[in-house]
Amino acid sequence: MSNVSGNLFVVAAPSGAGKSSMISALLKRQKERGNPDSMQVSVSTTTRAPRPGEVDGVHYHFVDEATFLEQAEAGEFYEWAKVFDYYYGTSKTVIEKTLASGVDVFLDIDWQGTRQVKAAYPGVHTIFILPPSTAELERRLRDRGQDSDEVIAKRMAKAQSEMSHYGDFSYLIVNKDFEESVDNLEHIVLAQRLRRAKQQIRHQDILQELLAE
Ligand SMILES: Nc1nc2c(ncn2[C@@H]2O[C@H](COP(=O)(O)OP(=O)(O)O)[C@@H](O)[C@H]2O)c(=O)[nH]1
Ligand SMILES: Nc1ncnc2c1ncn2[C@@H]1O[C@H](COP(=O)(O)OP(=O)(O)O)[C@@H](O)[C@H]1O
């Protein structure tokens, strides 16, 4: 177990901008570099139905509304929000344990959840992903081939208001060229990891000096 705690990152975007693909590509790169355990994506709980190919416990913890509200009432979520008619929430204990073990954690959450996380954890690094245009966003949602026309229309209708929250975030990536966008995400993550490690090592030095009589 590392004595340097992990960094918390929020990656938000309008649906279809590419955030899940970018996070997966970053995790794959880390694995290929022999660093597979340095970062994790938090698995949220949701009342949305699984899409074809989505696995319970891997993509989401899929629960019914009564279960979700019970968990929310019991304070089990770090943050939660209603997005596109469904509830979504982040488990508190998993985040705390993972960060304490020195692993960076990614939250793929919306702007409402981001506000709650910023209030609870001011050290969080927040990243917003924009598509190059709204026409391209719609193309990506269609090409993903996972949602009905009705669902896509609903997501497109909300995209503009979601994108209006980009100013709440510390970093902005326009996901045009995919590999370039993953490079940008990786640079942010590695720079913050280095910064935190330096800070924590320095804190240990200071503490040693103070206690060294
Ligand atoms: N607040 C909050 N938002 C979440 C959580 N999990 C997912 N979301 C957001 O809910 C929205 C819809 O997610 P999803 O149904 O997987 O669709 P997708 O983003 O198009 O793949 C996205 O903006 C996600 O970032 C969560 O735990 N909390
Ligand atoms: N830079 C890009 N250029 C073209 N297609 C992309 C790019 N980034 C992501 N995509 C595609 O767009 C679709 C939506 O991406 P996804 O990661 O599921 O978005 P989100 O998680 O933000 O909803 C997927 O089919 C993905 O392969």
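Remember, predicted model here, so these are calculated numbers, not experimental data.

A. The arrangement of the overall build of the protein chain in detail. Across its full length, the protein chain carries 7 helices and 9 strands. For 213 residues, the compact-globule formula gives about 17 Å, and the C-alpha radius of gyration of the protein chain, at 18 Å, lands near that figure. Projected onto its principal axes, the C-alpha coordinates of the protein chain cover approximately 70 × 40 × 30 Å. Sequence-distant contacts, at least 24 apart, represent 68% of the contacts inside the protein chain between residues at least 6 apart.

B. Focus on the site of ligand 2. Surveying the vicinity of ligand 2 reveals 14 residues, the closest of which are G18, S20, S21, R140 and F178. Secondary-structure elements contributing two or more residues to the shell around ligand 2 are α1 (19–32), α5 (134–144) and α7 (178–211). In the shell around ligand 2, the residues fall into 3 nonpolar, 7 polar and 4 charged.

C. Just the UniProt feature "binding site: ATP" (unreviewed entry) in the protein chain, in detail. Look at the UniProt record and you will see "binding site: ATP" (unreviewed entry) annotated at A13, P14, S15, G16, A17, G18, K19 and S20. The residue K19 is located in helix α1 in this model. Apart from the residues within four sequence positions on either side, K19 is in contact with V11, A13, D108 and I129. Position of S20 relative to the elements: it lies in helix α1. Accessibility expressed as a C-beta count within 10 Å gives 17 for S20, which makes it partly exposed.

D. Representation of the pairing of strand β6 (residues 86–91). As judged from the 2 bridges shared by strand β3 (residues 45–46) and β6, these two strands associate in the antiparallel manner. Note that in β6 the partner of T46 across the bridge is Y88. Pairing geometry for strand β5 (residues 77–83) and β6, over 6 bridges, is antiparallel. Looking at the pairing, W80 lines up with G89 of β6.

E. Focus on unusual backbone geometry. For F84, which is not glycine, the phi torsion reads 50° and is therefore positive. Within the element layout of this structure, F84 appears in the loop between β5 and β6. A positive phi angle, close to 75°, is found at D85, a residue other than glycine. With respect to the helices, strands and loops of the structure, D85 is situated in the loop between β5 and β6. Its 9 C-beta neighbours within 10 Å are what place D85 among the exposed residues.

F. Main features of helix α6 (residues 149–163). Here α6 is 15 residues long and its end C-alpha atoms lie 21 Å apart, about the 21 Å a rise of 1.5 Å per residue gives. Its axis deflected by about 25° at A157, α6 carries its strongest bend there.

G. Structural view of the site of ligand 1. Close to ligand 1 lie 19 residues; S15, S44, Y88, I109 and G113 are nearest. The biggest single contributor to the shell around ligand 1 is β5, with 4 residues. Split into classes, the residues belonging to the shell around ligand 1 amount to 7 nonpolar, 8 polar and 4 charged.

H. Local environment of the confidence of the model for the protein chain. Taken as a whole, the protein chain shows an average pLDDT of 92; of its residues, 98% reach a score of 70 or greater. Interface confidence for the predicted complex, given as ipTM, is 0.95, next to a pTM of 0.91.

I. Structural context of the packing of α1 against α7. Interhelical geometry of α1 versus α7 gives an angle of 65° and a closest axis separation of 10 Å. Between α1 and α7, the angle is such that the two are roughly perpendicular. Crossing hand, α1 versus α7: right-handed. Judged by residue contacts, M22, A25, L26 and R29 of α1 engage S181, V182, L185, E186 and V189 from α7. In terms of residue class, the contact of α1 with α7 is made up of 6 nonpolar, 1 polar and 2 charged.

Rules used throughout
Residues numbered from 1 in each chain as written. Chains lettered and ligands numbered in written order. Predicted model: local features only at pLDDT ≥ 70, side-chain atom pairs only at ≥ 80, totals over all residues. Helix = DSSP H or I, 4+ residues; strand = E, 2+ residues; numbered from the N terminus. Rg over C-alpha atoms; globule rule 2.2 N^0.38 Å. Contact = placed C-beta atoms within 7 Å. Near = placed C-beta within 6 Å. Nonpolar A, V, L, I, M, F, W, Y, C, P; charged D, E, K, R; others polar. UniProt positions renumbered as here; feature names shortened; annotations may be inferred. Buried ≥ 20, exposed ≤ 12 C-beta atoms within 10 Å, placed from the backbone. Pairing = 2+ DSSP bridges. Expected span 1.5 Å × (residues − 1). Bend = angle between axes of the 7 residues up to and from the residue. pLDDT = per-residue confidence, 0-100. Axes fitted to C-alpha atoms, helices over the stretch in contact; angles between N-to-C directions. Parallel < 35°, antiparallel > 145°, perpendicular 65-115°, else oblique. Left-handed = near helix turned anticlockwise from the far one by under 90°.

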